[in-house]
Structure formats: structure tokens, C-alpha cells
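Summary of the model geometry
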Amino acid sequence: MKKVKNILGIAAGLVLAIGPYTFLHVCGENMKMGSEMGDMEMGSMAAGPACHGIPVASLITGIALVLISIISLIASAKAENSSDSKIDTFLDFVRIILGVVAIGIPTFIVGVCESVHMHCHMVTRPALILIGVVVGLTGVISLVYSTLANTANETKTLEKVASEA
């Protein structure tokens, strides 16, 4: 479970970091107006805050997600099957927060442009929301799983102590 959540975190973090600069692009410097406008770049005319804010915020969030996933991989390798890792629990909470931030980038933190026909509105926004939901749910599921594993371990310990008495 720990390796899966961390590999998923690394993949989601890379998509968050690289996506808005490539296939999840927003309008701005990369969008051409057309040949009749003499290859004028739309970025010089209509690039709003979302055109610059979404890629930067996604890059920061994606790098943070990759880093916590790598730290979690290292911590879980050193803990060797210990489901009682406080570091892992903390990183799961951070993972949930980063999921909420990823959802918030195109919705309430930065937002997208007004035009519903733009790429950022039709592709970037739903993709970032989906990535945020997956990252957040991964953190929640991991917390629930580790809590249940800790409860089971405590129950076994109590039963062992009770049988010895």
C-alpha cells in the first residue's frame, strides 16, 4: 500500500508540475492568434492572472507532492513494515492538504479565464481537479488503512497480555 501511494504521488506530482507547461496548458505565451494577425502572440494581449498563476502554483504543488512521496518512500523503507510511523501519518496529512490545494488552484486560489471555450476551462481545470481528488483520496485512504492496522495491532497486543494473565 505504501509503495502504491508513493508511486501514485510521484506520478501525480510530475503531472501537476509539468502538465500546465505542456499538455494541460493555459492560454498565454504559447497561444498564437492566427496568420491574419501576423503571428501575434495572444500572451501580449490577453494573458490574465490565470495564464501565469496556474502553471506556477501547479509547479510548486507538484514539486511538493513529489518530495513528500520520496520522503515517505524512504521513511517506509527504514521503518520496515511499521504501520505506526508518525512521519507517514504526517505526510498523509500533507498529501491531503496538497490535494485540496490542487483542487483549489483552478477553482478558488487562482481560477481560470472567463471564456468557457478556452483550453484552460475545458481541459486544465477538470484535470487539476481530478488530480487533486485522487491525491486527497490517496491520503485519506492511507490514513484510514494505517489507523485500522494500528487498531488491529493494539487489539492483538491486548489479547496477548490478557491471555498471559
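**Digging into the overall build of the protein chain**
If you tally the helices and strands in the protein chain, you get five helices and zero strands. Secondary structure elements in the protein chain, listed N-terminal to C-terminal, are α-α-α-α-α. Counting all 165 residues of the protein chain, 36% fall into the buried class. By sequence separation, contacts in the protein chain at least 24 residues apart represent 74% of the contacts at least 6 residues apart. In the structure as shown, the protein chain presents an accessible area of about 9600 Å², 70% of it carried by carbon and sulfur atoms.

**As for the confidence of the model for the protein chain**
As a note on interpretation, predicted positions should not be read in detail where pLDDT is low. Per-residue pLDDT for the protein chain averages 82, and the proportion of residues at 70 or more is 83%. Long-range and interchain partners of residues 29-45, a stretch whose pLDDT sits below 50, account for 19 contacts in this model, where long-range means more than four residues apart.

**A short note on helix α4 (residues 86-109)**
With 24 residues, α4 extends only 30 Å from end C-alpha to end C-alpha; this falls clearly short of the ideal 34 Å at 1.5 Å per step. When the local axis directions of α4 are compared, the greatest deviation, roughly 45°, occurs at I103, which is followed within four positions by the proline P106. Those residues of α4 that fall on the buried side of the exposure criterion are D88, L91, D92, R95, L98, G99, A102, G104, I105 and P106.

**Focus: the packing of helix α1 (residues 2-18) against α4**
Viewed as axis vectors pointing N to C, α1 and α4 meet at an angle of 30°, and their least axial separation amounts to 12 Å. Two packed elements cross with a definite hand, and for α1 against α4 that hand is left-handed. Contacts between α1 and α4 involve K2, K5, N6, G9 and L16 from the first element and D88, D92, R95 and A102 from the second. Classifying every residue of the contact of α1 with α4 gives two nonpolar, two polar and five charged.

**Section: the environment of L59**
Note that L59 resides in helix α3 (residues 49-79). Sequence separation between L59 and G19 is 40 residues; the distance between their C-alpha atoms is 8.7 Å.

**Regarding the pattern of salt bridges**
If you walk through the whole model with that rule in mind, you get three salt bridges. The closest approach of N and O atoms between K5 and D92, which form a salt bridge, is 2.9 Å. In this pair, K5 is assigned in helix α1 and D92 in helix α4, connecting sequence segments 87 residues apart. When sorted by exposure, K5 lands in the same class as D92, which is buried. As a salt-bridge pair, D92 and R95 come within 3.8 Å of each other at their nearest N and O atoms. Placement of the pair is D92 and R95 together in helix α4, with a separation of three residues, close to one helical turn. Given the relative accessible area of 2%, D92 is considered buried. Judged by its relative accessible area of 1%, R95 is buried. Salt bridges linked by common partners bring K5, D88, D92 and R95 together as one network.

Here is what the cut-offs are and how they apply
Going along each chain's sequence as written, the residues are numbered from 1 onward. For this predicted model, a pLDDT threshold of at least 70 governs which residues receive local features, and a threshold of 80 or more governs which side-chain atom pairs are given and counted, while totals over whole chains, interfaces and linings are taken from all residues. Side-chain metrics rest on all non-hydrogen atoms present in the structure, leaving aside hydrogens and water. In DSSP terms, a helix is any run of H or I states spanning at least four residues, a strand is any run of E spanning at least two, and both are numbered starting from the N terminus. When accessible area is computed with a 1.4 Å probe and restricted to protein chains, residues below 20% of their type maximum are described as buried, those above 50% as exposed, and intermediate ones as partly exposed. Here a residue-residue contact requires only that any non-hydrogen atoms of the pair lie within 4.5 Å. Every accessible area reported is derived by Shrake-Rupley at a probe size of 1.4 Å, with residue values counting cover from the shown protein chains alone. Every residue gets a pLDDT, meaning the predictor's confidence in that residue, from 0 to 100. To estimate how far a helix should extend, the number of its residues minus one is multiplied by 1.5 Å. Bend, in this description, refers to the angle at a residue between axes fitted to the seven residues ending there and the seven starting there. Axis geometry follows a simple rule: fit a line to the C-alpha atoms, using only the stretch in contact for helices, then measure angles between N-to-C directions, giving values from 0 to 180 degrees. Helix crossings are classified by the rotation of the near helix relative to the far one: an anticlockwise turn of less than a right angle makes the crossing left-handed, while a clockwise turn makes it right-handed. Any residue that is not Ala, Val, Leu, Ile, Met, Phe, Trp, Tyr, Cys, Pro, Asp, Glu, Lys or Arg is counted as polar, Gly included; the first ten are nonpolar and the last four charged. The salt bridge criterion pairs a side-chain nitrogen of Lys or Arg with a carboxyl oxygen of Asp or Glu, the two atoms within 4 Å.

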